[in-house]
Amino acid sequence: MKRREFLTATAAAAVLSQMPIRIAAAQDKVIRFSMPQDFTKVYTFVTAEYSQGQRDYLTLVNLQGGINGHQIVADVSDHGNDLPRAIEAYERAKSEGAVLIDPLSTPVARALVPRALEDKINLITAFSGRSDAADGTAFPYVLPLSPNYWTQAALLIDFFRQKDGDLNGKKICYVHIDTPFGKEPLPILQKLAEQQGFELVTFPYTPPGNDQSAIWPQVRRARPDWVMFWGAGVGQTTALTEAIRNGLDMSRLSSSVWISESDMEVVGAEQCTGVLKVEPCVSGREPELIQEILKEVVEPDKGAGPEDKVGTAYYNYGVMLAAIMVEGVRKAFEKDPDGPISGEWLNAGLRSISDFTAEGLIPATTITPEDHQGGGQGRIAHWDGAKFVPDTDFFSANQDVVWEEVRKYSEEFKKTGK
Amino acid sequence: MNAAVKTIKATGWPVRDDGAPATLVAAVARNAFEHGERIGFREREHGIWREWTWAQVLEEILQLAAGFEAVGLMPGQAMTVVGDNRAAIYFSMVAANALGAFPSPVFPDVPVDEFDAYMRFGEPRIALAEDQEQVDKLLDVRARTGRPEIIVYDDPRGVAAYEAEGLVSVERLRDMGSQQLASDPGKRTALIGRAGGDDIAVLLYSSGTTGKPKGIPLRHRNVVSGVLNAEKGGYFRLHEELFAYLPTAWVGDYIFTLGAGIVLVATINVPERQETALHDLREVAPTFYLAAPRAWDNMLTRVQVGMADSTPLKRRLFDFFLPRAVELERRRLAGKSIGIKDRVLDGIGQVLVYGPIKDFLGLSRAKRAFTGGEAMGEDTFLFFRGLGIQLKQFYGQTETCALSAAQVEGSVRLHTVGRAMPGVAVRIADDGEILLKSPSIIEAYLDDPDATAKTFVDGWLRTGDAGYLESEGDLVVLGRVSEVVHTAAGERFIPNFIENRIKFASFVRNVAVFGAGRDDLTAIVCIDYEAVGHWAERRAITYGSYAELSQKPEVGDLVGEVIAHVNETQPEPLKIRRYVNLFKDFDADDGEITRTRKLRRSVIEDRYAPLIEALYSASEKVVYEASITYEDGTHGVLTRELEIRKVLV
Amino acid sequence: MDMLLLAELAINGVFIGLMYALVAAGIVLIYKTSGIANLAQGALAMMGGYLAWAFSALTGFPIWIAIPLALVAMFLIGTLLERFALRRMVGQPIIMVIMLTLGLEIMLRGVLPGFFGSAVKRLDIGIPPTPFFIGDIFLNKATLIGGSVSLLLILVAIYFFNSRLGIIMRAVSDDQSAAWSVGIKVERAIAIAWGLSAVMATAAGVLWGATQGVDWSLSLLLIKALAIAILGGLDSLPGVLIAGVIVGLAESLATGVLDPIVGGGTRDVVASVIIVLTLLLRPHGLFGREHIERV
Amino acid sequence: MFYRRAGIRHTRYQDERQIWPLPFDRRLALLIFLLAIFAPLLIDRLYLVSYLLPWVIWSTAALGLNFLMGGAGQIHLGYGAVIAIGAYASVHMVRAGLPFELAMIGGGLLSAAVGMIFGATALRVKGLYLAMATLAMQYIVDFVIIQFPAISGGTQATLQVPRVSFLGVEVTGDLAPYYVALLICLLVTLFMLNLRRSSFGRALAAVREKDYAAAVIGVNTFRYKLLAFWVSSFIGGVVGSVLAVCYYRAISPDQFHLDLSIQLVAMVIVGGLGSVLGSFFGAALILFAPILLNQFFGFAASELGMTISTDLRSHVPLMLYGAMIVGFLLWEPLGLAKIYANLRNYFLVWPFRHARQ
């Protein structure tokens, strides 16, 4: 009997859940962003905060009257990093007329590339997806809108160079998760090692990286000048813990954008002092935009998540990306105020963003039909035991090497569709 | 095209004046020629159906005929046939006809010592037995009477090793026949043409309620005209699917299955065994179905028992729709108009309940369904008609090929047996006896001038039934003229009538009502073991045997209610006052009922005399000593204490 | 090849292996008594870790109270699992039982992060993070302590198997119906085995949680534990110790020796390769009784 | 009520063993077939592309696995790897210029070849040990694909599937991929339906029930076990190529991880071991339940104001996914197919409770 009731309830739920979408789709003056993200599987460490930031910012925009009288609706759902579910979400978004989809997952983004290019829906691959998507000529509808991993690696190398003056003869260890994502910076690093004369030693660890105990003794034994650790989620905290246990110098340890305050808490905030990371935007609550959100969204209790997460690194990433997307909408209206709202329409807007700073949250970002990365700027920050403190201003570095690599792959994609 | 068909193509077959085949053999020949590819017979064997086209049927029959001829079957001779329905048996029966001989089917459950009675006419030298059981019986008969000399058997299991003389398998017979046919090119033509319309097609015996069974010879012309009359009346159609499950010795099976099947080019489906008949019925789904009222009752009981056991939803649906169907049918029969709502409801019921039940029974295609021989309970009748099966009663005797009258769709009324069929004349004698005249009626009993003289008067058949004609011509049959009895106060009644009405209750299987010359009426009741057993199980009443169950007080009350219900419509002097539940069912083996399940009143009155006396005394208990015959032939005495109960009015 | 590195990897590998072995011991315990391979053992370890964290972080107990609480709770949960899930599967094909434990594993992986949050939890059991050197050989304190505790627990388990209850459980594992017929409460013995197995899983979950933080990835211990259990022989507790050391060493050395050569994470494949090789060459493992039905 | 059995009779024993002896079942099968054929006209393209298409493909995969698990009684926890081999092999073949039809068969053959190695373990061990062995092989295949960029497709580890045509029809857009997948599904379904009626199917059943006994009655268990792995893996390989070409259009290693294997095993269990129909049911439930539940919770949160933490909400599908496996094993080990059979039986004997009265 129970079983039957359960099945009935499920079926009813399934039917009911289809309804609101159909109703909402009927409203006009709405711009639909589809944000199926991975809340459950691999990207759990970031998605909640990232999504919170995005939603809070969009709430702010909508509270302020939307863009050009249009409300922005974000369809947030969970794809669990599972492709059938992601494709379902994508196709649903397509059917509902979403102009943009932000899956925040490398495998999902990669799988959606052919569809997005065909359907002309803007696929946002911030901090995920293919690095070569920075080339807008090859991937017109795939928009990273953020420094890709090649750029992040290049920024770090340049930072090391700034610190040490010259990297010639130095040894840099690259500890990475053994997935395409972890392996991605390798060509850039190898090229830079060649150029600048440092020795690159790489250490892959098995995903998800909860056990790296055999890696770090080797890293220590290699006696590196700098260590880059490239992973996500539990791999990052494990890496940090092992690094500490092996007595590595925290201030010569750096990661990509994927390390945050909560990782530090897990490992022990004190012990992590000195760890470096790449920041694509300002962190903390100081930026004007975050203050605005706190005042207008969080305080009236309209926030999408717990108040204490506001201003964390990943939260700010979310705000950053949402702000760029909304800027794209703004530009689209500037270019074509009456144009039917479509993926193509938004694409034009997104690809004409220039010198956008999101009230000081992000470096001045310019997106062109050629450059989908937005200039490849970031800054390096270190953990001071309580928060990330910037060591540099926003800068970009080694973009020539990065772009050489980008073109290499994007040309190949254009040619063979690989 | 097989050899037989080629033959008839060349020579034709004996025909009547109107062009119809004159004999069954001729009809088979016609079928083989005109409908050679049509399936004539189908028999279930080890789970699958073996089929014979009419052309093959003819060939089979001719081979068998030649075979029978080889073993000495002579024109004018009878051939005893005993066994359940088998295609080979049917073929053999027609094969005998082809030789100018005739089959004489005997009920397979006739005991050995009664068997002689069925071999009195036609000097049956040859007998056809279905299986070992019947062969054994015939060997016993032969040991005593010297006949039959030759026993042909169909199922060789167990018989193959017998060393008795004159045992031939049908297989062997067929081989012999096919050799004969091969050696004599003209044989086929000869066999097809040998029999004439006046030859006897089958020799049946009367039920023998009183005295020895009479021999009733149905001739080809009787059979053919009877069937054609029925067709004219719309009762039979061409190309029916028939189900051959009734006892071959009953006129119903012979006429409705074999006769009509051959003459009207039907497909005759033979079930695997009697036990699987219900199951096989479903596989056949006949378009025409004949069953005795009892069988219809059983079917109803089956459905009701099944429904009582069903899931709540299904039961509720059944309980919702069926009473409506019955009520609707009642109104339809009364000629009242049916509203849209009822029609819609009926349609839904057809999908939800009636259709599945008909499908379950195997009657979903049964356009024409008949019952006869006895009166039918209104409940049963309305139930099946309510389901959408156009069940009709027919009236007829063995002497009339069972085809005298039948209900006509559109004016079906339960108490009548319908109108005379085309070609049949009905007259009511002054004493109320029904008289019939028709080409399907025989002229005389076999070798029995006395009985013939009594029964056949001026070309009319005295049926012995009391009845009357209604204004539209519908015939009402009241009962046997001889059965009318009077109470001490002079009230006329026919016990059978009341008994039938009591028996309509599914809980009662048999009942005998007494009262002739008495002050009031009493009854001996035999419960239906299955129905009451199920009823008891549902009430957690434990029982171990029929005898024990029958004496449970609850069961006593149950039967009391049934009788009280019947009493409601009985005139005051004819109400049943007291009854007793018998510890056993009436049994044909004990001579209490006939093979056709008719009560042998005299036997019962004699055997249960102490019980009847007790019913008319004031006692509440009676000790009955039953003498029983064990299977080994020894006798014993069984003492039973039975409770005499009053009917609460 | 740097010999010191090798020594360091070897020592760390041994201790890591012992920590894996603790999870494997739970699998062996259940297999010994009921013939079921518990694929939810990794999830039970995760659950233990979560519970220990919850008792200390959410209810504020000191960690040395929270851990015993978690152990007790997990013992109960283990017996309940047996009582209400596994016992109903008696007589079902082995594939069904395996799938049941797999289903449990998936479910637990949803339930715990679902209710406690999916972010990595910090479980501090007081092991100082500072590096620890003997000469130039670095010893990871967390694994050192974790491995030692595991070793201790497995030894206790082995010892326990020689106690009265242990003998009962051995009887059950030898022949359930025979044990039943001499008056042993087979169901109770199996339930206790589950409880103890859950306790071991909890201990492993706490130790691993202290090493890497508590999150769903603790359930990934399963594959290593399976490799150890199979290599050691599914019904041999001492085998688990030896196999644990072997697997730990093999993994650790594979990382140090093979990875630079093939340029990839061979570590995880080590467990798989060990499973396959064991099954192909010596299906009953190093110390297991040879009763596998061969074709 | 729907099932009519009167008048069904057979004149040959072969007829008695037909797949659907009852007209209603035949009609139902035909109806479903027609619905499947005309689905693109009947349903929104969203449902075609993101529900029906994956359902068809996953069902085919579940059938292939069910062949092994239900038909031959061999556990396989590495079917995802088998599919991966087929997918990668066929995509590489297509990229090398082979026609898709050949690539599909090639993928199947390569899968079958590797699957035989999987199967070789089955000759040594069974039950639990076989489960472990196949599980381990899943990891090994994953490892190989990831570690060899030549297989996985370079740094990006993504292989785009070029445009291909199948039997002269270009497999693009929404329709062609669906029909290709449907065709393959149909072929596999027909194979599975007829399996039970063949000597091959009976031999497998004998091996499944007791391999010793099967050997005693003259079934070459060695051969049939290997054959079972071969066939099942071949199907898996073909499904892999269909999956890559018709659905994913770009493949990367994480599409074929252990998750896929477990998902497929769950489909088989939830659907019903050995049941063709169950494979479809199982695929539907396992595939859609998380999606629908997730949507339901989204709906409940936004429309009904149900406040559930994101963590909880997002893990509910996982919980129920596991709970479903556990629940089915505890309460209906024969899976949805059994539930369907019960339901069918309910109507089959309508309006009675039992078949015999």
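No experiment lies behind these values; they were computed from the predicted model shown.

Caption draft 1: Structural detail: the overall build of chain D. For chain D, the helix and strand inventory stands at 15 helices and 4 strands. For 357 residues, the compact-globule estimate of 2.2 N^0.38 gives 21 Å, and chain D sits close to it at 21 Å. Along the three orthogonal principal directions, the C-alpha set of chain D runs to about 70 × 60 × 45 Å. Put simply, 74% of the contacts in chain D that link residues at least 6 apart link residues at least 24 apart.

Caption draft 2: Here's a closer look at the packing of helix 4 (residues 79–95) of chain D against helix 12 (residues 258–271) of chain D. Residues and elements named next belong to chain D. The interhelical angle for the contact between helix 4 and helix 12, taken along N-to-C directions, is 115°, at an axis separation of 7 Å. From helix 4, Tyr 79, Gly 80, Ala 81 and Ile 83 reach across to helix 12, where they touch Leu 260, Ser 261 and Leu 264. A per-class count over the contact of helix 4 with helix 12 returns 5 nonpolar, 2 polar and no charged.

Caption draft 3: Representation of the nonpolar core. Membership of the largest hydrophobic core comes to 229 residues, with the highest contact counts inside it found for Ile57(D) and Trp58(D). Per element, the largest residue contribution to this core is 15 residues, and it comes from helix 1 (residues 3–34) of chain C. In this structure Ile57(D) touches Ala181(D), Val239(D), Val242(D), Leu243(D), Cys246(D) and Tyr247(D), once residues within four positions along its chain are discounted. Listed in part, the 173 residues of the second largest apolar core include Val28(B), Ala88(B), Val224(B) and Leu228(B).

Caption draft 4: How the structure looks around the interface of chain B and chain D. Facing 34 residues of chain B, the contacting portion of chain D comprises 22 residues. For the chain B and chain D pair, buried surface summed over both sides reaches about 2500 Å², with 55% attributable to carbon and sulfur atoms. Looking at the side of chain B facing chain D, the largest losses of area belong to Ile48(B), Arg282(B) and Lys314(B), adding up to 24% of the total buried there. Seen at the junction of chain B and chain D, the total is 1 salt bridge. Two residues, Arg9(D) and Glu241(B), come together in a salt bridge whose shortest N-O distance is 3.8 Å. The interface formed by chain B and chain D contains 14 residue pairs in polar contact (both at pLDDT 80 or more). Of all elements in the fold, only strand 1 (39–45), strand 2 (48–53), helix 11 (277–284), helix 12 (293–308), helix 13 (312–333) and helix 14 (340–361) of chain B reach the threshold of two or more residues within the side of chain B that touches chain D. The element that contributes the greatest number of residues to the side of chain B that touches chain D is helix 14 of chain B, accounting for 8 residues. A breakdown of the residues in the side of chain B that touches chain D according to their chemical character gives 13 nonpolar, 10 polar and 11 charged.

Caption draft 5: Spotlight on the interface of chain D and chain C. On the chain C side, the residues contacting the 47 residues of chain D number 50 residues. Summing both partners gives a buried area of about 4300 Å² for chain D against chain C, and 76% of it is carried by carbon and sulfur. Viewed at the interface, chain C and chain D are joined by 0 salt bridges. Linking chain D with chain C are 0 residue pairs in polar contact (both at pLDDT 80 or more). If you list the elements that add at least two residues to the side of chain D that touches chain C, you get helix 5 (100–124), helix 6 (128–147), helix 10 (211–216), helix 11 (221–248), helix 12 and helix 14 (310–331) of chain D. Partitioned by chemical class, the residues of the side of chain D that touches chain C number 34 nonpolar, 7 polar and 6 charged.

Caption draft 6: Molecular detail of the pairing of strand 27 (residues 621–629) of chain B. Residues and elements named next belong to chain B. In the sheet, strand 27 pairs with strand 28 (residues 635–646) via 9 bridges, with the strands oriented antiparallel. Pairing of Ile 628 across the sheet is with Gly 636, part of strand 28. Linking strand 27 to strand 28, which pair antiparallel, is a turn of 5 residues; within it Gly 633 sits at a positive phi near 100°.

Caption draft 7: A look at a nonpolar patch on the surface. Residues and elements named next belong to chain D. A cluster of nonpolar residues, Leu 30, Leu 31, Phe 33, Leu 34, Leu 35, Phe 38, Leu 41, Leu 42, Ile 43, Leu 186 and Leu 190, forms a patch on the protein surface that exposes about 980 Å² of accessible area. When residues of the nonpolar patch are traced back to their parent elements, those giving at least two are helix 2 (23–42) and helix 8 (175–195). By residue number, the principal contributor to the nonpolar patch is helix 2, which donates 8 residues. Take Leu 35: it is sitting in helix 2.

Caption draft 8: Local environment of helix 4 (residues 94–116) of chain C. Residues and elements named next belong to chain C. Taking 1.5 Å per residue as the helical rise, helix 4 with its 23 residues ought to reach 33 Å, and the 33 Å between its terminal C-alpha atoms agrees with that figure. Counting buried residues in helix 4 gives 18 out of 23 residues, a clear majority hidden from the surface. Trailing helix 4 by a residue or two, Gly 117 shows a phi angle of about 95°, which is positive.

Caption draft 9: Quick peek at the pattern of salt bridges. Counted according to the given criterion, the structure contains 83 salt bridges over all chains. Residue Arg221(A) is joined to Glu8(C) by a salt bridge in which the shortest nitrogen-to-oxygen separation is 2.6 Å. One end of the pair, Arg221(A), is in helix 8 (residues 216–222); the other, Glu8(C), is in helix 1, on a second chain. With a shortest N-O distance of 3.0 Å, Glu43(B) and Arg86(B) are connected by a salt bridge. Here Glu43(B) is found in strand 1, whereas its partner Arg86(B) is found in the loop between strand 3 (78–82) and helix 4 (87–98), with 43 residues between them in sequence. Arg86(B) carries the same exposure label as Glu43(B), and that label is buried. Through salt bridges that share partners, Glu329(B), Arg332(B), Asp346(B), Arg385(B), Lys392(B) and Glu409(B) make up one connected network.

Caption draft 10: Highlighting helix 15 (residues 335–348) of chain D. Helix length check: helix 15 of chain D, at 14 residues, gives a terminal C-alpha distance of 19 Å against a target of 20 Å (1.5 Å per residue), a fit within 8%. All buried positions along helix 15 of chain D are accounted for by Gly335(D), Leu336(D), Ala337(D), Phe347(D) and Leu348(D).

Caption draft 11: Examining the domain arrangement of chain A more closely. All names here are of chain A. The assigned domain composition of chain A is domain 1 (2–147 + 284–377) and domain 2 (149–279 + 381–403). Between the C-alpha centres of domain 1 and domain 2 the distance comes to 28 Å. Taken residue by residue, the interface counts 28 residues in domain 1 and 23 residues in domain 2. Area buried by domain 1 at its contact with domain 2 is led by Phe 45, Phe 127 and Ser 131, which between them contribute 25% of it. One salt bridge in this structure joins Glu 184 and Arg 110, with 3.8 Å as the shortest N-O distance. Taken together, the connections running from domain 1 to domain 2 amount to 10 residue pairs in polar contact (both at pLDDT 80 or more). If you list the elements that add at least two residues to the side of domain 1 that touches domain 2, you get helix 2 (44–63) and helix 12 (313–335). A class-by-class count of the residues in the side of domain 1 that touches domain 2 yields 12 nonpolar, 9 polar and 7 charged.

Caption draft 12: Broad picture of the packing of aromatic side chains. This model, assessed by the stated rule, comprises 66 aromatic pairs over all chains. With centroids separated by 5.3 Å and ring planes inclined at 35°, the aromatic side chains of Tyr608(B) and Tyr624(B) adopt a geometry described as tilted. Here Tyr608(B), found in the loop between helix 21 (601–607) and helix 22 (609–615), pairs with Tyr624(B), found in strand 27; they are 16 residues apart in sequence, far enough to count as distant. For the pair shown, Tyr608(B) and Tyr624(B) are each scored as buried. On the numbers, 5.3 Å between centres and 40° between planes, the contact of Tyr247(D) with Tyr248(D) is tilted. The pair Tyr247(D) / Tyr248(D) is uniform in exposure class, with both members buried. The rings of Tyr235(B), Phe236(B), Phe256(B), Phe288(B), Phe370(B) and Phe394(B) are connected pair by pair, giving a single aromatic cluster. Over the ring of Phe84(C) we find Arg83(C), and its NZ or CZ is 5.3 Å from the ring centre. The side chain of Arg223(D) reaches across the aromatic face of Tyr224(D), ending 5.2 Å from its centre.

The rules behind the values
- Residues numbered from 1 in each chain as written.
- Chains lettered and ligands numbered in written order.
- Predicted model: local features only at pLDDT ≥ 70, side-chain atom pairs only at ≥ 80, totals over all residues.
- Heavy atoms only, no water.
- Helix = DSSP H or I, 4+ residues; strand = E, 2+ residues; numbered from the N terminus.
- Rg over C-alpha atoms; globule rule 2.2 N^0.38 Å.
- Contact = heavy atoms within 4.5 Å.
- Axes fitted to C-alpha atoms, helices over the stretch in contact; angles between N-to-C directions.
- Nonpolar A, V, L, I, M, F, W, Y, C, P; charged D, E, K, R; others polar.
- Core = buried A, V, L, I, M, F, W, Y, C linked by side-chain atoms within 4.5 Å.
- Buried < 20%, exposed > 50% of the residue type's maximum accessible area, 1.4 Å probe, protein only.
- Buried area = accessible area lost by both parts, 1.4 Å probe.
- Salt bridge = Lys/Arg side-chain N within 4 Å of Asp/Glu carboxyl O.
- Polar contact = N/O pair within 3.5 Å; in protein donor to acceptor, adjacent residues only side chain to side chain.
- Pairing = 2+ DSSP bridges.
- Patch = residues over 30% accessible without salt bridge, like charges linked within 9 Å, V, L, I, M, F, W, Y side chains within 5 Å.
- Areas by Shrake-Rupley, 256 points an atom, 1.4 Å probe, with all protein chains shown as cover.
- Expected span 1.5 Å × (residues − 1).
- Domains from an automatic or database assignment.
- Phe/Tyr/Trp six-rings, centres within 6.5 Å; stacked < 30°, edge-to-face > 60°.
- Lys NZ or Arg CZ within 6 Å of the ring centre and 35° of its normal.

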